[in-house]
Amino acid sequence: DCGVAGVLDRFGQIEPVVLFTADRYRYGGRWHDCLPRAAEIAAALPGLRRVIVLPYDGAGAGGSGIPGALSLAEAIAPHEAGEIPYERLPFAHPLYVMFSSGTTGKPKCIVHGAGGTLLQQKKEHVLHCDVKPGDRVFYFTTCGWMMWNWLVAALASEATLLLYDGSPFHPSVEGLFRLARDERATLFGVSAKYLDACRKAGLEPRRSHDLGALRLVTSTGSPLSPEGFDWVAEHLKPDVQLASISGGTDILSCFVLGNPTAPVHRGEIQCRGLGMAVEAFGDDGRPVRGTRGELVCTQPFPSMPIGFWNDPAGSRYHRAYFERFPNVWCHG
């Protein structure tokens, strides 16, 4: 997702000690070598103790050009026969560092806690998406998007994860629907932009793909147009629940999303997240209806960050979300 500068703008702030990298990857039918970039990144991270190189296609991978690098097989070989020690950690122990987009300076390093993140994401999977044990959950996402973290948490609901790597339009725009058909996906998650591209391409997956297992289509990344709703109902699957969802990296979850027990209305998001006191505020700090407002959450929620990296007093964290409306999370 990022060039060397983009990676260092993020990882350079958190001083990692281990870096995992693929040796290469395939996108749009072409191979791309990762090792030269990985070597440059590793050289610029002074606290790094180890680089571990993963073979993308299962073949042997070496750390050529990266001093001291090990292949994944080499890294785990001494420990294969031993037990892994597990440590009991506090509820709010740091789980992830997520990065803001960096459009107004260096990306913010947002630290999320283990317990609150798990509670929030499992609530969304089980209650808002009706994910059951044995379901097969798919989200087209890169590892750099928060939807990757959201997807991984579906393991807590005893679901199987369906993973896809590469261009969604190669070798054809129907590739993701073939995956959903062949792997019997029950939840199919993509961006609004992807659904719009399928609509403009004139695709009619329901005519060529058996999507009988599919119960829920989720769309995020941007608002789904009313025409996108029409396309899903007419050309993807008429009886599927369609949930336009919205949240963000800052909360690693959703403010508003789907409801499996409620109707779907064209061009509308179904509901607030359970336990999320979501409002739209005007400039005076009061809720507004029927007009544009600032997205706010007036009460605490489980997946609020535990803070920003290197912000011990919490001043940057407070300025980012609570400065505009006192004691109210202002998402903007």
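Basis of the calculations
- Residues numbered from 1 in each chain as written.
- Predicted model: local features only at pLDDT ≥ 70, side-chain atom pairs only at ≥ 80, totals over all residues.
- Heavy atoms only, no water.
- Phe/Tyr/Trp six-rings, centres within 6.5 Å; stacked < 30°, edge-to-face > 60°.
- Helix = DSSP H or I, 4+ residues; strand = E, 2+ residues; numbered from the N terminus.
- Buried < 20%, exposed > 50% of the residue type's maximum accessible area, 1.4 Å probe, protein only.
- Lys NZ or Arg CZ within 6 Å of the ring centre and 35° of its normal.
- Salt bridge = Lys/Arg side-chain N within 4 Å of Asp/Glu carboxyl O.
- Core = buried A, V, L, I, M, F, W, Y, C linked by side-chain atoms within 4.5 Å.
- Contact = heavy atoms within 4.5 Å.
- Pairing = 2+ DSSP bridges.
- Patch = residues over 30% accessible without salt bridge, like charges linked within 9 Å, V, L, I, M, F, W, Y side chains within 5 Å.
- Areas by Shrake-Rupley, 256 points an atom, 1.4 Å probe, with all protein chains shown as cover.

What about the packing of aromatic side chains?
Each pair of aromatic rings is reported with the distance of its centres and the angle of its planes. For the structure shown, the criterion picks out 19 aromatic pairs. Between Phe308 and Tyr321, the ring centres sit 6.0 Å apart and the planes meet at 75 degrees, which makes this aromatic pair edge-to-face. A residue pair is termed long-range when its members are at least 10 positions apart, and Phe308 in strand S18 (residues 307-308) and Tyr321 in helix H10 (residues 315-321) qualify at 13 residues. With relative accessibility at 6%, the residue Phe308 sits in the buried group. With relative accessibility at 4%, the residue Tyr321 sits in the buried group. The structure contains a cluster of three or more aromatic residues connected by ring pairs, namely Phe255, Phe301, Phe308, Tyr317, Tyr321, Phe322 and Trp329. The ring of Trp31 carries the charged tip of Arg24 above its face, separated from the ring centre by 3.7 Å.

Observations regarding the pattern of salt bridges
One pass over the full model with this rule turns up 13 salt bridges. Of the charged contacts in the structure, one is a salt bridge between Arg207 and Glu204, with a shortest N-O distance of 2.3 Å. For Arg207, a relative accessible area of 72% puts it in the exposed group. When its relative accessible area of 28% is taken as the criterion, Glu204 is described as partly exposed. Linked by salt bridges that have partners in common, Asp196, Arg199 and Lys200 make up one network.

Observations regarding the nonpolar core
With 25 residues, the main nonpolar core has Phe177, Phe188, Cys198, Val217, Trp231, Val232 and Leu236 as its most contacted residues. Setting aside chain neighbours within four positions, we find Phe177 in contact with Phe188, Tyr194, Cys198, Leu203, Pro205, His209, Leu211, Trp231 and Leu236.

Side note on unusual backbone geometry
Cis geometry is found at the peptide bond from His170 to Pro171, where omega equals 0 degrees. In this structure, Arg184 is a non-glycine residue whose phi angle is positive, near 55 degrees. As for its placement among the helices and strands, Arg184 is situated in the loop between helix H6 (175-182) and strand S10 (187-191).

Comments concerning the sheet that holds strand S15 (residues 271-272)
Here we have three strands laid out as an open sheet, ordered S13-S14-S15, and antiparallel in their pairing. Edge positions in the sheet fall to strand S13 (246-248) and S15, since each of these pairs with one other strand and no more. Alignment of S13 against strand S14 (residues 253-257), held across three bridges, turns out to be antiparallel. Bridge assignment links Ser246 to a residue of S14, and that residue is Val256.

Structural notes on the sheet that holds strand S4 (residues 50-54)
The strands that make up a sheet are held in pairs by hydrogen bonds between backbone atoms, and each pair lies either parallel or antiparallel. Pairing in this open sheet of three strands is parallel, and the strands run S1-S4-S5 from one edge to the other. On the outer flanks of this sheet lie strand S1 (18-22) and strand S5 (70-71), each paired with one strand and no other. When S1 meets S4, the two strands line up parallel, connected through five bridges. Across the sheet, residue Ala22 finds its bridge partner in S4, namely Leu54.

Examining a nonpolar patch on the surface
On the surface, Val17, Val18, Phe20, Leu72 and Ile76 cluster together into a nonpolar patch covering about 390 Å² of accessible area. Residue placement: Leu72 occurs in helix H3 (residues 72-76).

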